[in-house]
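One letter stands for each residue in the lines below.
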Amino acid sequence: MMTKENNYKNKNWYAIESEDIVKELESDIKKGLSEKTAGERLDEYGENELPAKKKINPVISFLSHFNDILIYVLFVAAIISAILGHYIDTIVIVIVAVINALIGFIQENKAEKALNDIKGLLSPKAEVVRDGNRNDIEASKLTIGDIVLLDPGDKVPADLRLIETNNLKIEESPLTGESVPSEKETAALDENTMLGDRINMAFSSTTVSSGTGKGIVVAIGENTEIGKINRMMSEVKLEKTPLLKQTAQFGKTISFTIIIIAALIFAFGYFFRDYEPSVLLMSVIGLAVAAIPEGLPAILSIILAIGVQNMAKRKAIIRTLPSVETLGAVSVICSDKTGTLTKNEMTVQNVSTRDNDFEVSGTGYAPEGEITLSGEKVDFDNNRALTKLIDCFYYCNDASLGMDENDRWIVKGDPTEGALISLYDKADLNELNIRRISTIPFDSEYKYMAILADTGEKKIIFIKGAPDRLLDMACKERLESGTQDFDRQYWEDKILELAKKGQRVMGAAYKIVEKEKEKITHEDIQDEVVFLGLAGIIDPPRPEAIEAIKACKEAGITVKMITGDHADTAKAIGKEMGIDDGEKALQGKDIENVDDEELKKLVLEYNIFARTSPEHKLRLVTALQATDVISAMTGDGVNDAPSLRKADVGIAMGIKGTDVTKDSSEMVLADDNFSTIVAAVEEGRRVYDNLKKTILFILPTNGAESFLIIASILFGTLMPLTPVQILWVNMVTSVTVSLALAFEKAEPDVMTRRPRSPKTPLLNAYFIWRILFVSVLIGGSTLLMNMNLLAQGIEENIVMTITLQTIVFTQMFHLFNSRSISKFAINKYFFSNKVVFIVCALMIILQLAVTYMPFMNNALGTRPLELHYWIYPLVMGISIFFIVEIEKAIMNKLGLARL
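Draft legend 1. Representation of the overall build of the protein in the model. Tallying secondary structure elements over the protein gives 31 helices and 28 strands in all. Relative to its 899 residues, the protein shows a buried fraction of 58%. Restricting the contact set of the protein to residue pairs at least 6 apart, pairs at least 24 apart contribute 72%.

Draft legend 2. Molecular detail of the confidence of the model for the protein. Mean pLDDT over the protein: 84, with 89% of residues reaching 70 or higher. When the criterion is pLDDT under 50, residues 1-6 qualifies, and its contacts beyond four places in sequence or with other chains add up to 15 contacts.

Draft legend 3. Focus on the packing of helix 27 (residues 765-791) against helix 28 (residues 796-818). Running from N to C, helix 27 and helix 28 point in directions that differ by 155°, and their axes come no closer than 10 Å. One way to sum up the angle between helix 27 and helix 28 is to call them roughly antiparallel. The two elements helix 27 and helix 28 meet at a crossing, and its hand is right-handed. Judged by residue contacts, R770, V774, I778, T782, M785, N786, L789 and L790 of helix 27 engage E796, V799, I802, T803, T806, I807, T810, H814, N817 and S818 from helix 28. Here the residues of the contact of helix 27 with helix 28 sort into eight nonpolar, eight polar and two charged.

Draft legend 4. Local environment of the sheet that holds strand 23 (residues 558-562). Strand order across the open sheet formed by eight strands is 8-28-27-26-9-23-25-24, with mixed pairing between neighbours. Two strands close off the open sheet at either side, each with one partner strand: strand 8 (316-318) and strand 24 (586-587). Both strand 9 (residues 332-336) and strand 23 contribute to a ladder of five bridges, which runs parallel. Within strand 23, the position partnered with D336 by the bridge is I562.

Draft legend 5. Representation of helix 22 (residues 614-626) in the model. Helix length check: helix 22 (13 residues) gives 18 Å between terminal C-alpha atoms against 18 Å at 1.5 Å per residue, within 8%. Among all positions in helix 22, only P614, H616, K617, L618, L620, V621, A623, L624 and Q625 are buried. Immediately downstream of helix 22, the backbone of D628 shows phi near 65°, a positive value.

Draft legend 6. Up close: a nonpolar patch on the surface. On the surface, F256, I259, I260 and L264 cluster together into a nonpolar patch covering about 410 Å² of accessible area. Its relative accessible area of 47% is what places F256 among the partly exposed residues.

Draft legend 7. Structural detail: the nonpolar core. In terms of nonpolar packing, the biggest core is built from 106 residues, with M667 and F674 touching the most fellow members. Examining the composition of this core, we find that 13 residues originate from one element, helix 25 (residues 675-715), more than from any other. For F674, the residues in contact, after removing those within four places along its chain, are I333, S335, T340, L341, A545, A548, I549, V559 and L669. With 41 residues, the next largest nonpolar core counts I371, I390, I434 and L532 among its residues.

Draft legend 8. Here's a closer look at unusual backbone geometry. One non-glycine residue, S205, adopts positive backbone phi at about 85°. Note that S205 resides in the loop between strand 6 (201-202) and strand 7 (207-219). Positive phi outside glycine occurs at D628, with the angle close to 65°.

Draft legend 9. How the structure looks around the packing of aromatic side chains. For the coordinates displayed, the defined rule picks out 18 aromatic pairs. Arranged with centres 5.5 Å apart and planes meeting at 20°, the rings of F831 and F837 form a pair that is stacked. Since its relative accessible area comes to 59%, F831 is described here as exposed. What makes F837 partly exposed here is its relative accessible area of 29%.

Draft legend 10. Structural view of the environment of E866. With respect to the helices, strands and loops of the structure, E866 is situated in the loop between helix 30 (854-860) and helix 31 (871-893). For the pair E866 and I798, spaced 68 residues apart in the sequence, the C-alpha separation amounts to 9.6 Å. There is a polar contact of 3.0 Å between the side chain of E866 and the side chain of H868.

Draft legend 11. Broad picture of the pattern of salt bridges. If you walk through the whole model with that rule in mind, you get 41 salt bridges. Between K169 and D414 there is a salt bridge, with its nearest N and O atoms 3.1 Å apart. In this pair, K169 sits in strand 4 (residues 159-171) while D414 sits in the loop between strand 15 (409-412) and helix 15 (415-427), placing the two residues 245 residues apart along the sequence. In this structure, K169 and D414 share a single accessibility class: buried. Here the salt bridges share partners, and the residues they tie into one network are R314, E682, E683 and R686.

Draft legend 12. Main features of the environment of Y872. By the element assignment, Y872 lies in helix 31. The partly exposed category is assigned to Y872, whose relative accessible area is 25%. Here the alpha-carbon distance between Y872 and T803, two residues 69 residues apart in the chain, equals 8.8 Å. Each residue touching Y872, except ones within four places of it in the same chain, is listed here: M785, L789, Q792, I802 and T806.

Draft legend 13. Molecular detail of empty space enclosed by the protein. In this structure the tally under the stated criterion is two cavities of 30 Å³ or more. In this structure, the largest cavity occupies an estimated 50 Å³ of space. In this structure, the largest cavity is lined by T176, M194, L195, G196, G564, R611, T612 and S613. Partitioning the lining of the largest cavity into residue classes produces two nonpolar, five polar and one charged.

Draft legend 14. Looking closely at helix 29 (residues 834-852). The end-to-end C-alpha distance of helix 29, which contains 19 residues, comes to 28 Å, matching closely the 27 Å that a straight helix rising 1.5 Å per residue would cover. Of all the residues in helix 29, the buried ones are V836, V839, C840, M843, Q847, A849, V850 and T851. For helix 29, the capping residue at the N-terminal end is N833, with a side-chain oxygen 3.1 Å from the backbone nitrogen of V835.

Draft legend 15. Just the packing of helix 25 against helix 28, in detail. Put simply, helix 25 and helix 28 touch, their axes get as near as 10 Å, and they point 155° apart. Judged by the inter-axis angle, helix 25 sits roughly antiparallel to helix 28. By crossing handedness, the relation of helix 25 to helix 28 is classed as right-handed. Within the contact between the two elements, helix 25 uses K693, L696, F697, P700, T701, A704, E705 and L708 and helix 28 uses T803, I807, Q811, H814, L815 and S818.

Draft legend 16. Layout of the side chain of E417. Position of E417 among the secondary structure elements: in helix 15. What makes E417 buried here is its relative accessible area of 11%. Of the polar contacts made by the side chain of E417, one reaches the backbone nitrogen of D398; its length is 3.2 Å. Once residues within four sequence positions are removed from consideration, E417 is found in contact with C396, N397, D398, A399, M449 and K464.

Draft legend 17. Fine view of the pairing of strand 26 (residues 631-635). Counting buried residues along strand 26, five of its five residues qualify, which places the element largely inside the surrounding structure. Pairing of strand 9 with strand 26, which is carried by four bridges, proceeds in the parallel orientation. Bridge pairing links S335 to T634 in strand 26. Of the pairings in the sheet, the one linking strand 26 to strand 27 (residues 649-653) comprises four bridges and is parallel in character. If you follow A632 over to strand 27, its bridge partner there is V649. Once the chain exits strand 26 it traverses helix 23 (residues 641-646) before rejoining the sheet at strand 27, and the crossover so formed is right-handed.

Draft legend 18. Examining the pairing of strand 10 (residues 347-352) more closely. Among the six residues of strand 10, six are classified as buried, and the element is accordingly described as predominantly covered. Sheet topology places strand 10 next to strand 11 (residues 357-360); three bridges connect them, and they run antiparallel. Bridging across to strand 11, V351 finds its partner in F358. Following strand 10, the chain reverses through four residues before pairing antiparallel with strand 11.

Rules used in this analysis
Residues numbered from 1 in each chain as written. Predicted model: local features only at pLDDT ≥ 70, side-chain atom pairs only at ≥ 80, totals over all residues. Heavy atoms only, no water. Helix = DSSP H or I, 4+ residues; strand = E, 2+ residues; numbered from the N terminus. Buried < 20%, exposed > 50% of the residue type's maximum accessible area, 1.4 Å probe, protein only. Contact = heavy atoms within 4.5 Å. pLDDT = per-residue confidence, 0-100. Axes fitted to C-alpha atoms, helices over the stretch in contact; angles between N-to-C directions. Parallel < 35°, antiparallel > 145°, perpendicular 65-115°, else oblique. Left-handed = near helix turned anticlockwise from the far one by under 90°. Nonpolar A, V, L, I, M, F, W, Y, C, P; charged D, E, K, R; others polar. Pairing = 2+ DSSP bridges. Expected span 1.5 Å × (residues − 1). Patch = residues over 30% accessible without salt bridge, like charges linked within 9 Å, V, L, I, M, F, W, Y side chains within 5 Å. Areas by Shrake-Rupley, 256 points an atom, 1.4 Å probe, with all protein chains shown as cover. Salt bridge = Lys/Arg side-chain N within 4 Å of Asp/Glu carboxyl O. Core = buried A, V, L, I, M, F, W, Y, C linked by side-chain atoms within 4.5 Å. Phe/Tyr/Trp six-rings, centres within 6.5 Å; stacked < 30°, edge-to-face > 60°. Polar contact = N/O pair within 3.5 Å; in protein donor to acceptor, adjacent residues only side chain to side chain. 1 Å grid on protein atoms, 1.4 Å probe; cavity = no way out; pocket = protein on both sides within 12 Å on 5 of 7 lines; lining within 4 Å. Points joined across faces, edges and corners; volume = space filled by probe spheres on them. Right-handed = clockwise from strand over helix to strand, strands pointing away.

See below:
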């Protein structure tokens, strides 16, 4: 009996003759396995199912999102605040932490859904031969050695080595990226044959488009090609986005700094200023609350959410918030070819007769476009040879075109035949009264199709197929003036010319036969055949994608095409789209022969990758990340899912993309338009710029408050603000006002500057200088004002209220400084962001409420102010605005003010 020691998992079944495989797996082509043997093998190998991933308790998963040092510091501050009776502080801090944890928890759950979608691709039923009988069984009950029968429309239930085929074609584009169905054969192949070329295999989850076949099961469950994709997805370690990495490091830095400063200040106050421990502890808690930007996580989330809404308006659906910003850092976009850069709709682009070469406009199956000669629309009355050629393609054809529920043109049948029907519709010829009498269907062995047609006047055989086979038949060729002896060399050169353009070439020919003919065979078309011409067919590039690639180059972004197609096709498409010069491409077999270190060099050198498998795509993305490149990967098939999940930004097609692909992605293109990515990158860069402006706006507020508290402890003076007042500034006014920066328009150079390096710190040297400068400026001037007012004998609560208003008003004026990092704030774009003025008005209303509403006075310890006291916040705010503008002008002149 066959045992696991046979090590069937590691065999290259496609390189072994089918008869030998049947013997090795102890099966029988006619009788199949016995039910007894099948049962024993099910026990030995398990069922034909993808393994279930061990589920993590949702509560544990949710709690893991609190594992962040900044959250720990906040929780400690919240607990101490609660002990000291400051419950408002505690509640607000806890709410912020819970919201952030919820966002992370929701994002994490998408991976499990992606794996479940892959399981949904597997066939629920299989037709097998057991004990000599044909049976329909659950696909999960298939085992190694089972004989499976395939019919049109069937979903292949496991990986099969084909042992019989009858015009069998299988749609494999979700797995291999091939544009057209794979024509299957049974002969053994070379051991180095790549996945997309294994024409004697039928892979689990692919679909039979035509013909019939029989195969023997050689892989089930996780050992199938689709199972390997599932395993790759479950093993992919998700990378943190640049923003998350930066904010994590930023959080650690701030936390350690706050802890050290707080400890030093507590020690200084305790030993040198004779504070009561409880009073000093409250001051240090106030310092921690002041220094930690509690509102920053919420503000970042809101700004990213606004970015998501803006991208949705531009047809880019963002599934994870941090991906908005990551898009702005992308320096390489790895794109699948079929359905992403191209339409995944075969289209005739060139038609050649012996007299002329014609161009065909229009893309996809839509019958829109025209046939031209030297730029002029063809007159078919003077081009009878062309008419005959197109007629042949049309009548010797089994496909049809129609509209789907979304009013998009689709083909029913073979995509190549659909392209030929679209060609006929573009020609707008008068349909002939032709009756098909007999047909030789397309066969992968003969590689042509022929029909016997009755035109009423005569009977004619139309032949369509691989041009090399038709060249062998032809003895004449059709010209406009009649026929002449066949010039094979001319047509071989023409075929090579079209193939170099990456086009799939189809030939057409005919033969006139006697009127009594009622049936045709292969022998009937071996002589007296007249060759008509050629059609060059291609999966055409999306016109908008060509423009998008050009825009990517201007933005410093490299586009790399990764496809399962042949190298010549890939190079031709790459050259046409402006990705590369069309001279070189790295193939899947080359990728397999290099180690990871060498691949890191090659992935930067090459922009075209052909004949790739899902494993290759994943290795390429991993290699890019190993070189510290922020990469995006686009795709629509199941074969793209692991690399989409691994990439910094996975981008799925919304219309033609599979559910698996969408759920593995961070972004879905609602219009399947590559150019939408460019718009999303622009939005991502705008969002990141505005995030940095927001940080530049918020942190000086925290710095100024911290400066006030540290100075008061060092000088032994009254605390200028209470912790509750500090929290009001940090969580209410800061959040409210800073939201305006989320609506700032993109900087003029946003799409001409190079992508930022992932190593670029969140705060560069200029930002740190600016934060310290403004913090000391606001904090120092406010402290001097505070001490001056106290020296005048003004009531402490009144002084605290004036101090609070001064901090808020200087913050409001500093908002206008922050709208542009280096340019003067009052410019032609001053009124472009109306939200700035709305939030300023709202903030003024809130501050008036804090000052004059009794319940707010009680909650925050404020007092109503007489009118003349408002001169302090107003003058301080205006002064800060102009001083910062002078600093910007100086730094800009020195070339130091930059994002």
